[in-house]
Amino acid sequence: EAQLVESGGGLVQAGGSVRLTCEASGFRFDDYAIAWYRQAPGKEREAIACIIRPDNSYVADSVKGRFTISRDNRKNTVDLQMNSLKPEDTAVYYCAADSGLIYAENMMEETMDFWGKGTLVTVSS
């Protein structure tokens, strides 16, 4: 059973930092791009970041400079480091896996093979 489990969400103050972790199991982790999406209350799901390998990764303009994506194939995990958080970053954050992605910047919600259930990050003002 392929599984992605997000952790690290919670309540944080504006300006603070949170590190989210996506832990994968049940599939060949090294062969998959791992992506982060978020969905804020009342808004559509938004692509945030994707990583295939360190030299093939992507971070959306909306969070570039504040968020960093990394992966550890030894541990089957992908992290999303979120700094300088703003109230508008409040959302459920999801990780997803894609076996066919060649370039991280081409991440597409429709081609993701597996999804986690999400973790809620609430940024207070």
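Scroll up a little and you will see the structure.
Keep in mind the model is a prediction, meaning the values are calculated, not measured. (Residues numbered from 1 in each chain as written. Predicted model: local features only at pLDDT ≥ 70, side-chain atom pairs only at ≥ 80, totals over all residues. Heavy atoms only, no water.)

Colleague: Where do I start with the pattern of salt bridges in this structure?
Modeller: For side chains bearing opposite charge, pairing can occur when the charged atoms are close. Per the stated rule, a full pass over the model turns up 7 salt bridges. Close ionic contact of arginine 45 with glutamate 109 constitutes a salt bridge, the shortest N to O distance being 2.4 Å. Remark: glutamate 109 occurs in the loop between β9 (91–98) and β10 (114–115) and arginine 45 occurs in the loop between β4 (33–39) and β5 (46–53); sequence separation between them is 64 residues. Here arginine 45 falls in the partly exposed class, since its relative accessible area comes to 30%. Through salt bridges with shared partners, a single network forms among Arg38, Glu46, Arg66 and Asp89. (Salt bridge = Lys/Arg side-chain N within 4 Å of Asp/Glu carboxyl O. Helix = DSSP H or I, 4+ residues; strand = E, 2+ residues; numbered from the N terminus. Buried < 20%, exposed > 50% of the residue type's maximum accessible area, 1.4 Å probe, protein only.)

Colleague: Teacher, can you tell me more about the environment of tyrosine 94 here?
Modeller: Note on placement: tyrosine 94 falls in strand β9. The exposure class assigned to tyrosine 94 is buried, which follows from its relative accessible area of 16%. Once you skip the residues sitting within four places of it in the chain, tyrosine 94 turns out to touch Glu6, Ala35, Trp36, Tyr37, Gln39, Arg45, Trp115, Gly116, Lys117 and Gly118. (Contact = heavy atoms within 4.5 Å.)

Colleague: Help me understand the packing of aromatic side chains in this model?
Modeller: We describe a pair of aromatic rings using the distance from one ring centre to the other and the angle between the two ring planes. Enumeration according to the criterion identifies 5 aromatic pairs in this entry. When the centroid spacing of 4.6 Å and the interplanar angle of 65° are considered together, the rings of phenylalanine 27 and tyrosine 32 count as edge-to-face. The same class applies to phenylalanine 27 and to tyrosine 32, which are both buried. Seen in terms of ring centroids, tyrosine 94 and tryptophan 115 are 6.5 Å apart; in terms of plane orientation they differ by 80°. Their pairing is edge-to-face. Of this pair, tyrosine 94 sits in strand β9 while tryptophan 115 sits in strand β10, placing them 21 residues apart in sequence. An aromatic cluster is present here, built from Phe27, Tyr32 and Phe114 joined pairwise through their rings. Over the ring of tyrosine 94 we find arginine 45, and its NZ or CZ is 5.7 Å from the ring centre. If you follow arginine 45 out to its NZ or CZ, it ends over the ring of tryptophan 115, 4.3 Å from the centre. (Phe/Tyr/Trp six-rings, centres within 6.5 Å; stacked < 30°, edge-to-face > 60°. Lys NZ or Arg CZ within 6 Å of the ring centre and 35° of its normal.)

Colleague: Sorry if this is basic, but what is going on with the nonpolar core here?
Modeller: Taken as a class, soluble globular proteins show a tendency for nonpolar side chains to be buried jointly. Residues Trp36, Phe67, Leu80, Met82 and Tyr93 are the most contacted members of the largest nonpolar core, which totals 30 residues. With residues near it in sequence (within four places) discarded, methionine 82 still touches Gly16, Ser17, Val18, Leu20, Arg66, Phe67, Tyr93 and Val121. Membership of the second largest hydrophobic core comes to 10 residues, among which are Ile52, Ala96, Ala104 and Met107. (Core = buried A, V, L, I, M, F, W, Y, C linked by side-chain atoms within 4.5 Å.)

Colleague: Just checking my understanding: could you explain the state of the cysteines for this structure?
Modeller: By definition, a disulfide links the sulfur atoms of two cysteines through a covalent bond. Taken as a whole and assessed by the stated rule, the structure comprises 1 disulfide. For cysteine 22, the disulfide goes to cysteine 95, at an S-S distance of 2.1 Å. Between cysteine 22 and cysteine 95, the S-S dihedral sits near 70°, and the bridge is therefore right-handed. One end of the pair, cysteine 22, is in strand β3 (residues 18–25); the other, cysteine 95, is in strand β9, with 73 residues separating them in the sequence. Taken individually, cysteine 22 and cysteine 95 each receive the classification buried, so the pair is uniform in this respect. (Disulfide = S-S within 2.5 Å.)

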